[in-house]
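Residue strings, one per chain:
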Amino acid sequence: MFRNYLKTAWRNLMKNKMFSFINILGLTIGITVCMMIFLFIMNEFSVDSFHKNGKNIYRVMRSFDASKQAAPWLSGPYATALLNDYKGEIKKAVRIMPSNDLISFGNTSFNEKKVYLADSDFFNLFSFPLLRGNASTVLKEPNSIVLTETTAKKYFGNIDNAMGKVVEMDKDKQLKVTGIAKDVPSNSHLYFDLVVPLSNWYKEPWFNVWLDNNNFTYLLLDEHANKAQLEKRFPQFMDKYMAEDMKRMGARFSLLLTPLKDVYFSAGGDFDPIKHGDKTVVFIFLSIAILILLIACINFMNLSTIRAVERSKEVGLRKVLGALRNHLVWQFIGESILLTLIACILSVGFLELLMPFYNSLLGYTLTVSWNALPIYLFLIGVIVIVGFLAGSYPAFFLSAFKPIESLKGKLRLGKGGSIFRQSLVIVQFSISVLLIVGTIIIIKQMNYVKSKELGYDKEHEVVVPIDNGDIYNNMRTFKNELQSKRNIVSVSLMSGEPGGFFDEFTFDAEGQHDVWKARTEFADFEFVKTLGLKVIAGRDFSPQFATDTTDAVLINRTAAAKLGFTPQQAIGKWLKNTFRDSTKRRIVGVVEDFNFLSLKEKMDALVISPSEDRRVAVIRIKPGNVQSAITTIKDEYNRVAPSYPFEYSFLDQKFNDLYKTDIRQQSILTVFAGLAIFIACLGLFGLASFTATKRFKEIGVRKVLGSSVENIVVLLSKDLLKPVLIATCIALPVGYWAMNKWLQNFAYKTSLQWWIFLLAAVITLAIALITVSIKAVKAAVANPVKSLRTE
């Protein structure tokens, strides 16, 4: 019986190949998009789920400002003290220090960016699989090193050759390869290429300074330990070890525990460099998937309903021969499920082809396996739910026909059916217009971000990291040599370039009763000149004033305002960094505000101090021959740091990197918006085909009576374009509300101008008009003799 159902369903699908093709194509695209987004969501929510002890692992966060996000950075002594003070509750503590190191062997060197310096329990706490080596011993000896599979192959050709080999780290440590780890999957918030024992640095003076920020600390709690109770006792812990430091700084530090499963979706903030996800983006993608699939289902319902007249005699005849209504309902739902099954099979094939493109859009490779049970459950769910959803209305509609009217050919769809079909078209195009509006506004915002005047010169600025001992020890020689070159304008050594690292410190400040907090830049005297900043009060740092190095600071306009001064009034007032300064410093100048943070953040107070902390060199080159200037910089770099590969970036590119996630969202939304309107237009094309066929004889009569092609095209198009126009009117205010809310993520945002919504409406109506006109023109130019011959 089931086989007969399938045969009947297949024959009915083949009776009208065009309608079946439109339905299958629309559903295939819709299901493919759904599968793409389902894989993305699975990947996002499976982050760190592979760790066996995951439910009992917590990351320690430290905060000293309740109004801002806590940071994951601690210093070396915390882990040991936590283990000692909370025995029985904390079973393990593992520190991870991200590092950038030169790895050498033979005549080959690599400047590795993803090195973890970790405690020996790293592979016991986390479930990163080892292909070679024992998790309990691979990091036990200080002179050991663990490579990932890809790194081992890069160095030695294969993983077996790598075992036991010796590599040199930063020219002073000989490390033996004791383990090979499987490549870290993309659904991990931690990511490394090499792991080196942290024990090599236990005796370094800086390692045991409580106020330092140099590592992440992860705790494994006992199964019976209570996170909330533990956090309540942390204030006493901080008082025990940091009372003097907190008193001196006028700050109150606190510790928090973030469950491992929540780390990925926690708000990362400026000081959290690990990979983070955004649940809002996940839910937006999920909504898009549902909406696109809904558009495809509406196509099926619409096109199946308008075929009702064609199939009315079949239904009437079967009823006369004794077919029950429920049999007819199941027949039509069976056709729908069969069509959905075909679309699912095609979707799997399309997805295989599109995965490389999709991975490049996302910026990483999805790790979800095709063998995963949720994939099959999803496909079965799509077949059943979409099959029933798309086939239910046509099934009940067709099976309700009265057999006498059906057999006499007097059946009409009626006004109610027409209103229902138009309502479905309105829903389709409302979704499409909404996606088009979103795409246009995201593109406009990204263009605004890229072109906004930032308050500094980001063009012709080269950034060279000071990330190894050689360049650090010789950075002043490097700077002085470059400043003597004709194609170099100026060089500044600083703690962070705009868009980079700007730490927050507490200050004692003149006129302030409470401790004052501000972002801080540590830079030399060429900072203002190199970035092209504008001094609006006072003066710049100058070597003519011998005390500037120890006694002077610059602040920005916002800092002056937060201190309660105008720029002129701020000159001569004193500040003292409670952590870095032993004496007060005088404000000698105020610079105009410049966007040193992402444009998603409001302008913050900034103190620019000449104290030592040099992490990057920003080099302003003369316009013209950029390559010649890069060659000059490279030659000088190779002279002072010959063992390290020369690496650089342009400041404008680095600033744009802050918006990589938003740009990817823009690209993905653009693709999905295009697919949504394409599917909607497929349905509109089908409706236009039906209308042209239904009014074939009417068109012939009108042509004989003198109607022009243009009049007939307008006649056929206007009824089909009415729901599109209504959809546009509904979607535009909804789009305004939704995108206005999205723009709140940016402190600096583009305006929602009227032309954006007009453009979205014009695009939608133009595409719909072209779609309808293709069929309308074909019907209008047809020979009227053909349509009247049967009369």
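Residues numbered from 1 in each chain as written. Predicted model: local features only at pLDDT ≥ 70, side-chain atom pairs only at ≥ 80, totals over all residues. Heavy atoms only, no water.

Attention now moves to unusual backbone geometry. Phi is positive for Asp 170, which is not a glycine, with a value near 50°. Classification of Asp 170 by relative accessible area gives partly exposed; the value is 23%. For Lys 171, which is not glycine, the phi torsion reads 65° and is therefore positive. As for its position among the elements, Lys 171 is in the loop between β6 (166–169) and β7 (173–181). With a relative accessible area of 38%, Lys 171 lands in the partly exposed category. (Buried < 20%, exposed > 50% of the residue type's maximum accessible area, 1.4 Å probe, protein only. Helix = DSSP H or I, 4+ residues; strand = E, 2+ residues; numbered from the N terminus.)

As for its placement among the helices and strands, Ser 542 is situated in the loop between β15 (535–538) and α18 (548–551). For Ser 542, a relative accessible area of 14% translates into the label buried. Once residues lying within four places of it in the same chain are set aside, the contact partners of Ser 542 are Phe 525 and Asp 548. (Contact = heavy atoms within 4.5 Å.)

Here we come to the packing of aromatic side chains. With the rule as written, the count across this model stands at 44 aromatic pairs. Pairing Phe 122 with Phe 123 gives two aromatic rings, centres 4.9 Å apart and planes at 90°, and the pair type is edge-to-face. The same class applies to Phe 122 and to Phe 123, which are both buried. Seen in terms of ring centroids, Phe 505 and Phe 522 are 5.7 Å apart; in terms of plane orientation they differ by 85°. Their pairing is edge-to-face. Here Phe 505 is found in strand β13 (residues 503–509), whereas its partner Phe 522 is found in strand β14 (residues 516–522), with 17 residues between them in sequence. Like Phe 522, Phe 505 is buried. An aromatic cluster is present here, built from Tyr 116, Phe 122, Phe 123, Phe 126, Phe 128, Phe 192 and Tyr 218 joined pairwise through their rings. Between Lys 165 and the ring centre of Phe 156, over which it is positioned, the NZ or CZ distance is 5.9 Å. In this arrangement the basic side chain of Lys 573 is found over the ring face of Phe 565, its NZ or CZ atom lying 4.9 Å from the centre. (Phe/Tyr/Trp six-rings, centres within 6.5 Å; stacked < 30°, edge-to-face > 60°. Lys NZ or Arg CZ within 6 Å of the ring centre and 35° of its normal.)

What follows covers the pattern of salt bridges. Should their charged atoms come close, side chains of opposite charge can pair. On inspection of all chains with the given rule, the structure shows 30 salt bridges. Note that Arg 132 and Asp 160 form a salt bridge whose closest N and O atoms lie 2.9 Å from each other. Of this pair, Arg 132 sits in strand β4 (residues 130–132) while Asp 160 is found in helix α6 (residues 159–162), placing the two residues 28 residues apart along the sequence. Look at Arg 132 and you get partly exposed, because its relative accessible area is 29%. Taking the relative accessible area as the measure of exposure, Asp 160 reaches 49% and is therefore partly exposed. In this structure, Lys 479 engages Glu 526 in a salt bridge whose closest nitrogen and oxygen atoms are separated by 2.4 Å. Residue Lys 479 is found in helix α16 (residues 475–483), and its partner Glu 526 is found in the loop between β14 and α17 (527–531); the two are separated by 47 residues along the sequence. Taking the relative accessible area as the measure of exposure, Lys 479 reaches 9% and is therefore buried. When salt bridges that share partners are traced, they join Glu 481, Lys 485, Glu 636 and Arg 639 into one network. (Salt bridge = Lys/Arg side-chain N within 4 Å of Asp/Glu carboxyl O.)

Below, the discussion takes up the nonpolar core. Core analysis: the biggest nonpolar cluster contains 115 residues, and Ile 37, Phe 429 and Phe 527 have the highest contact counts within it. Ile 37 has contacts with Phe 285, Leu 286, Ile 288, Ala 289, Tyr 358 and Phe 672, leaving out every residue within four places of it along the chain. Core analysis: the next-biggest nonpolar cluster, separate from the first, contains 26 residues, Phe 64, Leu 219, Leu 230 and Phe 253 among them. (Core = buried A, V, L, I, M, F, W, Y, C linked by side-chain atoms within 4.5 Å.)

Remark: helix α3 (residues 77–85) packs on helix α7 (residues 227–249), axes separated minimally by 12 Å, with the N-to-C direction vectors making an angle of 125°. Comparing the axis directions of α3 and α7 gives the class oblique. When you trace α3 past α7, the crossing you get is right-handed. Every residue of α7 that contacts α3 at Tyr 78, Ala 81, Leu 82 and Asp 85 is listed here: Phe 234, Phe 237, Met 238, Lys 240, Tyr 241 and Met 242. Of the residues in the contact of α3 with α7, the class split is eight nonpolar, no polar and two charged. (Axes fitted to C-alpha atoms, helices over the stretch in contact; angles between N-to-C directions. Parallel < 35°, antiparallel > 145°, perpendicular 65-115°, else oblique. Left-handed = near helix turned anticlockwise from the far one by under 90°. Nonpolar A, V, L, I, M, F, W, Y, C, P; charged D, E, K, R; others polar.)

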